Amino acid sequence: SFIGEESVAAGEGSILTDNPTWIIDPIDGTTNFVHRFPFVAVSIGFVVNKKIEFGIVYSCIEDKMYTARKGKGAFCNGQKLQVSGQEDITKSLLVTELGSNRDPEAVKIILSNMERLLSIPIHG
């Protein structure tokens, strides 16, 4: 099976089943792309029994290929990635995205979540 982000965004229905399924977003960061903001990627995932098996993200502008496989780790251009190990949240950098849903109830939830995040004494 195939699920494409662009077709789902256009209103086509899609149901994730237990069948092996490719999930593809050919322009991940569509809003960035439209505004010529250089953070755009091609994202591909493969799911079996509704569980991700592996994923690939190609950051076009940076020419970086990110890959990950369940139980095998994550890599960037073949080099193994790992988390920083930072346990003190006050020395951490928090990155978030607001999304594009402007439904009043969704905005209310997003702003509530942002308020909670902003109250954490993070580094940035």
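Residues numbered from 1 in each chain as written. Predicted model: local features only at pLDDT ≥ 70, side-chain atom pairs only at ≥ 80, totals over all residues. Heavy atoms only, no water.

- Per an unreviewed UniProt entry, the recorded name for the chain is inositol-phosphate phosphatase, and the organism is Nicator chloris.
- Word for word, the UniProt comment on the chain under Sequence similarities (unreviewed entry) is "Belongs to the inositol monophosphatase superfamily."
- According to its UniProt record, the chain has this under Cofactor (unreviewed entry): "Mg(2+)". (UniProt positions renumbered as here; feature names shortened; annotations may be inferred.)

### Description of the sheet that holds strand β6 (residues 73-76)
Okay, so step 1: Reading across from one edge, β1-β2-β3-β4-β5-β6-β7 is the order of the seven strands in this open sheet, with mixed pairing throughout. Edge positions in the sheet fall to β1 (2-4) and β7 (79-80), since each of these pairs with one other strand and no more.
Okay, so step 2: As judged from the eight bridges shared by strand β3 (residues 41-48) and strand β4 (residues 51-59), these two strands associate in the antiparallel manner. Across the sheet, residue Ala41 finds its bridge partner in β4, namely Ser59. (Pairing = 2+ DSSP bridges. Helix = DSSP H or I, 4+ residues; strand = E, 2+ residues; numbered from the N terminus.)

### Some thoughts on the UniProt feature "binding site: Mg(2+)" (unreviewed entry) in the chain
Okay, so step 1: The sites that carry the UniProt feature "binding site: Mg(2+)" (unreviewed entry) are, in the present numbering, Glu5, Asp25, Ile27 and Asp28. Annotated residues spanning 24 residues; largest pairwise C-alpha distance 8.7 Å, indicating a single compact cluster.
Okay, so step 2: Take Asp25: it is sitting in strand β2 (residues 21-28).
Okay, so step 3: Overall, the relative accessible area of 11% leaves Asp25 in the buried class.
Okay, so step 4: With respect to the element layout, Ile27 can be found in strand β2.
Okay, so step 5: With relative accessibility at 28%, the residue Ile27 sits in the partly exposed group. (Buried < 20%, exposed > 50% of the residue type's maximum accessible area, 1.4 Å probe, protein only.)

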